[in-house]
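Overview (structure and organization)
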Amino acid sequence: MAYADLIINSTSQTLDRMFLYAVPQDLTVAVGDLVQVPFGGGNRHLQGFVMGIRDNLDPDVPADKVKPIQRVLASGLFDVRGLALVDFLRREYLCTHLDALRLLIPRGELTGVGHKYRKILVPGQPIPPDHPKAKAYGVICDFVRESLAEGGVIKAEAVRAGFSASSLQTMIKHGFLQVEDRVEDRYSTVRYAEDGARVLNQEQAAGFRAIVEGDPGTYLMHGITGSGKTEVFLHLVSHMLKQGHDSVILVPEIALTPQMIERVKSRFGRDITVYHSRLSDGERYDEWMRVREGKVRIAIGARSALFLPFRDLRLVVVDEEHETSYKSETSPKYVTRDVAAFMMEQTGGKVVLASATPSMEAFDRARQGQYHLIQLTQRAGQGAMPTVVTVDMRKELRLGNRSILSSRLAAEMEKSLARGRQIILFLNRRGMSGFVSCRACGFVYRCPNCSVSLTKHQGGRLTCHHCGYSQYQKELCPSCGSSFIREFGIGTEKVEQEVRKRFPDAQVLRMDRDTTSHKEAYEEIYNTFRDGAADILIGTQMVAKGLDFHGVDLVGILAADLSMNLPDFRAYEKTFQLITQVSGRAGRGDEGGLVVLQTYQPEAYPVTMAARADYLGFFEQEMMVRQAMAYPPRGDLLAIVLSGTQEAELIKNIQFVAQLLRELSSRYANITVMGPSACLISRIKGYFRQQIIIKGQLTQDFAMACKDLVYEAVRGKDIRVSLDANPMNLV
Ligand code: ADP
Ligand code: ZN
Ligand code: ZN
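Residues numbered from 1 in each chain as written. Chains lettered and ligands numbered in written order. Predicted model: local features only at pLDDT ≥ 70, side-chain atom pairs only at ≥ 80, totals over all residues. Heavy atoms only, no water.

Another point: the pairing of strand β27 (residues 671-684). Of the pairings in the sheet, the one linking β27 to strand β28 (residues 687-696) comprises eight bridges and is antiparallel in character. Note on β28: the bridge partner recorded for serine 677 is glutamine 691. Linkage of β27 to β28, two consecutive antiparallel strands, is achieved through a turn of two residues, within which lysine 685 is found at a positive phi near 50 degrees. (Pairing = 2+ DSSP bridges. Helix = DSSP H or I, 4+ residues; strand = E, 2+ residues; numbered from the N terminus.)

Here it is, written out as structure tokens:
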């Protein structure tokens, strides 16, 4: 008799353990199958994933208590490597088995989506030459036969092509035509113009060789914007392809990288998978199947593409490695580069992280020798690095200019328009978090404990979302006594209005969440600007990424400060990255470009270092802060968010949890439990949110103990738990 250990496909936290079932003689069951089982007292039919098969029962388990598996619903959804990955995800990100399994399996497989079929027409028995309609039927048959090469036609399509519905029906009735189920591909088969590989320059070639000839492991490719990182990893993919290995290229936000997809498709033809969260369940299912069947060797996609069932994956490229979208926001809250490294450790493959502004974590590891470092210091194509000019907005105010545009930026825009070149104006809207600053001196209210900005609430209270510290805002600036102290806020609409007023003859486009809410809008704006049909592009984060426009010679960064004052310990890092990325959009053409960087804190190091394009300088400064505050990568954070519909009940519970956590952590050295405090977004869809942040050297055992403690403490209560190890955003 064989037995199977199953994970039940149900999100209940209490079911997150193995359940034992017997495998009946007449069933073949293997690891990776989805099976149907009777569950609980009522023998409800539930689904289970087979995690292990064994021949014997433990001595204390009575054989007659073990229920049999009823049937196999799907097979081969994952293999033993998948099991190891599930284990890794659970330990590292404190998730359930099921959360981890769901990453590996397309949702459609669990909700009953299968292949899509088309009922196509095929020629049936021959038409007798003396049949009264032989000629007309013959034409129809020829049409059907010819269409087969293009995938066949269904009846409605034949009607649309001009044939009579009743003739078709009669032909089917008499067997002259037959209807056949044919699997239809839902993946896109758009073709792009072919694009040949470029010959690598010396730096690129050295990097390429280092990776190809080097040991398995993670390679950090740090190269200035436009240094040809993409070209290098496309060469690597091509190399893998020649060796018969599979590759995955991960990009931050798929909808925002049409250029990258275009480039990969043009290089490798149509046989690549494009995989991301905007696909329908059916499309995802098809792509997943194509990969499992070994029909494609290359995938490009968002972080979820990492989990496609390739058989021989040896290369994972993480482009723009520093982007926050590589940290999952739903459980398992995994870090893509770390999961990729784990997977490549298993296969002896390589992870290549590419960025002009690597994350603190990645560069730190490269420094410590955990990653191999590859550096590209020159622009590969045409164009020089742009010149960056910093404008002190406090001085503008003193000179009486209250506009969003400094006089320098307005003057440069004038010149640029006169030359017939293009301009990008960037407003960092991610920063709209309600911090309070002084426009006269740049002072910002910050938490004395956590070195993050305080957030304004109704009634004027300023609160720290890490530790709960709060104070009232003063009438006048505590630093300079000016009355220009208030909540910071400008929007892209306001910028657009002002720009249109100032430059009435210019063609202005705006690109932000509002103007790109429908799928094609982004590409429309993008194409209009690329084709030179507009002069000025105003945008948020979206314009910072990957755009390669040769007409742009001026980039204006309207308020570099916004992101600097996020209530988040990564605020400076994100600011430095953004300024560098946005600046990289200027001067892609043959003449160098200019960046005008407007700020109220011109002496802050993310601003000065970005203006000098000094990544290393920034890294050193920032690392001192991380060290002093024990923030990642010099310490760990564990965010525990509880949410519930009854605020008082929630607070009572989280206070209790905090007390238990303090008792637990007192047995460990160097661990601080902060909070509870209201989350930055203190209420979502009727649920109040409170958080506790644990900081210090957190071992996996300690984190697991915290997880168990929290779930135990709220068991049976109407409270939701969310755990996040080293969160990217504390919201
Ligand atoms: P990155 O990914 O570092 O931003 P890209 O690979 O996109 O850089 O290269 C920037 C520009 O330089 C692109 O237009 C690309 O076609 C061009 N380029 C890259 N490598 C080479 C090369 N070896 N020879 C000529 N042009 C190159
Ligand atoms: Zn002031
Ligand atoms: Zn604080």
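Attention now goes to the site of ligand 1. Around ligand 1, a shell composed of 16 residues is seen, among which Val199, Gln204, Lys229, Thr230 and Arg263 lie nearest. In the model, an oxygen atom of ligand 1 is placed 3.0 Å from a nitrogen or oxygen of the glycine 226 main chain. Side-chain polar atom of arginine 263 to an oxygen atom of ligand 1: 2.9 Å apart, as the coordinates give it. Against a free-state accessible area of 560 Å², the protein chains account for coverage of 79% of ligand 1. (Near = heavy atom within 4 Å. Polar contact = N/O pair within 3.5 Å; in protein donor to acceptor, adjacent residues only side chain to side chain. Areas by Shrake-Rupley, 256 points an atom, 1.4 Å probe, with all protein chains shown as cover.)

This part covers empty space enclosed by the protein. In this structure the tally under the stated criterion is four cavities of 30 Å³ or more. Reported here for the second largest cavity is a volume of approximately 50 Å³. With three residues, helix α18 (residues 571-583) is the largest single contributor of residues to the lining of the second largest cavity. Residues that form the lining of the second largest cavity fall into these classes: one nonpolar, four polar and five charged. Counting only domains with at least three residues in the lining of the second largest cavity, you end up with domain 3 (202-376) and domain 4 (387-432 + 490-626). (1 Å grid on protein atoms, 1.4 Å probe; cavity = no way out; pocket = protein on both sides within 12 Å on 5 of 7 lines; lining within 4 Å. Points joined across faces, edges and corners; volume = space filled by probe spheres on them. Nonpolar A, V, L, I, M, F, W, Y, C, P; charged D, E, K, R; others polar. Domains from an automatic or database assignment.)

Let us look at the sheet that holds strand β25 (residues 594-599). Strand-to-strand pairing in sheets goes through backbone hydrogen bonds, with the strands running parallel or antiparallel. Read from one edge to the other, the open sheet built from six strands follows the order β15-β25-β24-β16-β23-β22, with strand pairing classed as parallel. The strands lining the two open edges of the sheet, one partner per strand, are β15 (387-392) and β22 (508-511). Going from strand to strand, the sheet's axes swing by 15 degrees on average, the running direction of each strand aside. Taken together, the four bridges between β22 and strand β23 (residues 536-539) define a ladder with parallel strand orientation. (Axes fitted to C-alpha atoms, helices over the stretch in contact; angles between N-to-C directions.)

Here we have five strands laid out as an open sheet, ordered β2-β1-β4-β3-β5, and antiparallel in their pairing. In the strand order of this sheet, the two ends are held by β2 (19-23) and β5 (71-74), each with one partner. On average, each strand axis in the sheet is inclined to that of its neighbour by 50 degrees, with strand direction left out of account. Note: strand β1 (residues 2-8) against strand β4 (residues 44-54), six bridges, orientation antiparallel. Across the sheet, residue tyrosine 3 finds its bridge partner in β4, namely arginine 54.

A few words on the domain arrangement of the protein. We note that the domain assignment places domain 1 (2-111), domain 2 (116-184), domain 3 (202-376), domain 4 (387-432 + 490-626), domain 5 (442-482) and domain 6 (636-725) within the protein. Look at where the C-alpha atoms of domain 1 and domain 3 centre, and you get two points 31 Å apart. Across the boundary between the two partners, domain 1 contributes 19 residues, which contact 21 residues of domain 3. Carbon and sulfur atoms supply 62% of the area that domain 1 and domain 3 bury against each other, a total of about 1,800 Å² over both sides. The interface formed by domain 1 and domain 3 includes zero salt bridges. (Contact = heavy atoms within 4.5 Å. Buried area = accessible area lost by both parts, 1.4 Å probe. Salt bridge = Lys/Arg side-chain N within 4 Å of Asp/Glu carboxyl O.)

With burial as the criterion, each face of β23 is covered, one bearing Ile536 and Ile538 and the other bearing Leu537 and Gly539. When strand β16 (residues 422-426) meets β23, the two strands line up parallel, connected through four bridges. Each bridged residue has a counterpart across the sheet, and for phenylalanine 426 the counterpart in β23 is glycine 539. (Buried < 20%, exposed > 50% of the residue type's maximum accessible area, 1.4 Å probe, protein only.)

The subject of this paragraph is the coordination of the zinc ion (ligand 2). For a metal with four donors in a tetrahedral arrangement, the ideal angle between donors is 109.5 degrees, while six donors in an octahedron ideally sit at 90 or 180 degrees. On the protein side, the zinc ion (ligand 2) has Cys438 (SG), Cys441 (SG), Cys477 (SG) and Cys480 (SG) as donor atoms, found 2.3 to 2.4 Å from it. For the zinc ion (ligand 2), the four donor atoms in the first shell make angles of 107 to 111 degrees at the metal, a pattern classed as tetrahedral. One chain supplies every donor to the zinc ion (ligand 2), and in sequence these donors are spaced C-x2-C-x35-C-x2-C. Placement of cysteine 441 in the loop between β17 (436-438) and β18 (455-456) and of cysteine 480 in the loop between β20 (470-472) and β21 (485-487) is noted, with a sequence separation of 39 residues between them. (Donors = N, O, S within 2.8 Å, 3.2 Å for Na, K, Ca; no water. Tetrahedral: all angles 85-135°; square planar, octahedral: opposite > 155°, others 65-115°.)

Turning to the environment of histidine 466, a few remarks are in order. Structurally, the position occupied by histidine 466 is in the loop between β19 (461-463) and β20. Distance in space between the C-alpha atoms of histidine 466 and isoleucine 692 is 7.9 Å, their sequence separation being 226 residues.

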